[in-house]
Amino acid sequence: MSTTSSPAVELDTKDLPAFCPNKNMSNWSSHPRVFLEIDAHGHAKCPYCGTEYQMKAGAAVHAH
């Protein structure tokens, strides 16, 4: 069994609010759009497809 995984999709503040499926994913295999909550470590994971997202180093998430 392979345990390789795709690297996290890197986000910057201009990419917020974060959502999945992202703009680079194929439409034919997409799921409903879900907005992602970025945790204190700048990480989020899609509950549908498991795609991981990570904020770029130095990028800050600001609360509304």
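Conventions and cut-offs
Residues numbered from 1 in each chain as written. Predicted model: local features only at pLDDT ≥ 70, side-chain atom pairs only at ≥ 80, totals over all residues. Heavy atoms only, no water. Helix = DSSP H or I, 4+ residues; strand = E, 2+ residues; numbered from the N terminus. Buried < 20%, exposed > 50% of the residue type's maximum accessible area, 1.4 Å probe, protein only. Contact = heavy atoms within 4.5 Å. Areas by Shrake-Rupley, 256 points an atom, 1.4 Å probe, with all protein chains shown as cover. Pairing = 2+ DSSP bridges. Axes fitted to C-alpha atoms, helices over the stretch in contact; angles between N-to-C directions. Phe/Tyr/Trp six-rings, centres within 6.5 Å; stacked < 30°, edge-to-face > 60°.

Along its length, the chain carries zero helices and five strands. Along its sequence from the N terminus, the chain presents helices and strands in the succession β-β-β-β-β. Evaluated residue by residue, the chain yields a buried proportion of 25% over its 64 residues. Long-range contacts, defined here as pairs at least 24 residues apart, represent 38% of the contacts in the chain between residues at least 6 apart. Working note: accessible area of the chain is about 5100 Å², and carbon and sulfur atoms make up 52% of it.

This brings us to the side chain of H31. Take H31: it is sitting in the loop between β2 (19-20) and β3 (34-35). Note on H31: relative accessible area 16%, which makes it buried. Look past the residues within four positions of H31 in its chain and what remains in contact with it is C20, P21, C46, Y48 and C49.

As a further point, take the environment of S30. Here S30 shows up in the loop between β2 and β3. For the pair S30 and Y48, spaced 18 residues apart in sequence, the C-alpha to C-alpha distance is 9.5 Å.

Turning our attention to the sheet that holds strand β1 (residues 9-11). Within the open sheet, the three strands sit side by side as β1-β5-β4. Their pairing is mixed. Only two strands of the sheet have a single neighbouring strand rather than two, namely β1 and β4 (43-45). The average angle at which neighbouring strand axes cross in this sheet is 25°, direction not considered.

Relative to the helices and strands, T13 resides in the loop between β1 and β2. Judged by relative accessible area, which is 38%, T13 ranks as partly exposed. In sequence terms T13 and M55 are 42 residues apart; their C-alpha atoms lie 7.9 Å from each other. Not counting chain neighbours up to four residues away, the residues in contact with T13 comprise M55, A59 and A60.

Once that is clear, we can look at the packing of aromatic side chains. Under the defined criterion, the tally for this structure stands at one aromatic pair. Where F19 meets F35, the ring centres are 6.0 Å apart and the plane angle is 65°; that geometry is what we call edge-to-face. Of the two residues, F19 is situated in strand β2 and F35 in strand β3; the sequence distance between them amounts to 16 residues. The class for F19 is buried, based on a relative accessible area of 18%.

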